[in-house]
Amino acid sequence: MPELPEVETTLRGITPHLVGNRVAEIEIRESRMRWPIEDEVLEMEQQEIMSITRRAKYILIHTQTGILILHLGMSGSLRICPHEVELKKHDHFIMRLDTGMEMRLHDPRRFGCVLWHKGDITAHRLIKNLGPEPLTDAFSAEHLVTTSLAKTTTIKQHIMNNKTVVGAGNIYACEALFSSGIRPTRAAGKVSKRKLTILTEEIKKVLAAAITQGGTTLRDFLREDGQPGYFKQQLNVYDREGERCRNCPDTIKRIVISARSTFYCPSCQK
């Protein structure tokens, strides 16, 4: 599943091709996504794209009349290409620009979404209850300490909860917990203030580093130009079960927390 760095990388890639240009035509080739793509998205036609922003893993394309909400789901990706390029089987949503270029949503598993919204985006049902963005001052050590108080859920579950902070998905939660020296099974309420302060900074660092490297390609994610992200080469624990820890002679272990594969070093993480 594309996580926050992959979504941010995609946003930065498509923005120069879209902002300031006009939507010439919208084509819905397959409406059966996570939620049906409604014909109201056709209101984008002939509208200028004013800006593109991100909230959590939602890409928000702003026009004069409304906002297109995109989510890449489990296997989605966005491509920018000339109109002449042959369409792929799972190109479900096409935005044609007056420049002759197109943005195509490719999603074999169809867990992504394409929604149209008018009005205050912060009031949308998918947006209004989200926690702070991890790379902003709103996500602070004080915030993490406060939200962790008396929590019996594991620290990994806590930081992956979008009400705590958005974007600390499975890969990056494993990595940040490793670099913080915190075992993922520890109850959030049992982690010290000092460790939570370190964890806050490590979440910020690992996400920023992944964005710099263009995201992590594991199975489905490719950037908007079709090139892979390179952060996988820097992973310390994720998907390294049985391999030697990069910091000590012990080997990386794999367990399952909330149906998610979780990787950690038994010696480095307590």
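Residues numbered from 1 in each chain as written. Predicted model: local features only at pLDDT ≥ 70, side-chain atom pairs only at ≥ 80, totals over all residues. Heavy atoms only, no water.

Caption draft 1: Representation of the pattern of salt bridges. Under the defined criterion, the tally for this structure stands at 13 salt bridges. When the shortest N-O distance is used, the salt bridge between R54 and E8 registers 2.7 Å. With R54 in strand 2 (residues 49-55) and E8 in helix 1 (residues 4-18), this pair connects stretches of sequence that are 46 residues apart. In this structure, E243 and R240 form a salt bridge, with 3.1 Å as the shortest nitrogen-oxygen distance. Residue classification places R240 among the buried residues on the basis of a relative accessible area of 8%. One salt-bridge network, held together by shared partners, links E25, E27, R29, R96, E102 and R104. (Salt bridge = Lys/Arg side-chain N within 4 Å of Asp/Glu carboxyl O. Helix = DSSP H or I, 4+ residues; strand = E, 2+ residues; numbered from the N terminus. Buried < 20%, exposed > 50% of the residue type's maximum accessible area, 1.4 Å probe, protein only.)

Caption draft 2: Region of the structure containing the confidence of the model for the protein chain. Per-residue pLDDT for the protein chain averages 92, and the proportion of residues at 70 or more is 93%. A low-confidence stretch, residues 217-223 stays under pLDDT 50, and its non-local contacts, those more than four residues away or across chains, total 23 contacts. (pLDDT = per-residue confidence, 0-100. Contact = heavy atoms within 4.5 Å.)

Caption draft 3: Representation of the packing of helix 2 (residues 141-148) against helix 5 (residues 193-212). For the pair helix 2 and helix 5, the least separation of the axes is 8 Å and the interaxial angle reads 125°. Comparing the axis directions of helix 2 and helix 5 gives the class oblique. Like other packed secondary-structure pairs, helix 2 and helix 5 cross with a definite hand, here right-handed. Within the contact between the two elements, helix 2 uses A141, L144, V145 and S148 and helix 5 uses K193, L196, T197, L199 and T200. Its residues assigned to classes, the contact of helix 2 with helix 5 comprises five nonpolar, three polar and one charged. (Axes fitted to C-alpha atoms, helices over the stretch in contact; angles between N-to-C directions. Parallel < 35°, antiparallel > 145°, perpendicular 65-115°, else oblique. Left-handed = near helix turned anticlockwise from the far one by under 90°. Nonpolar A, V, L, I, M, F, W, Y, C, P; charged D, E, K, R; others polar.)

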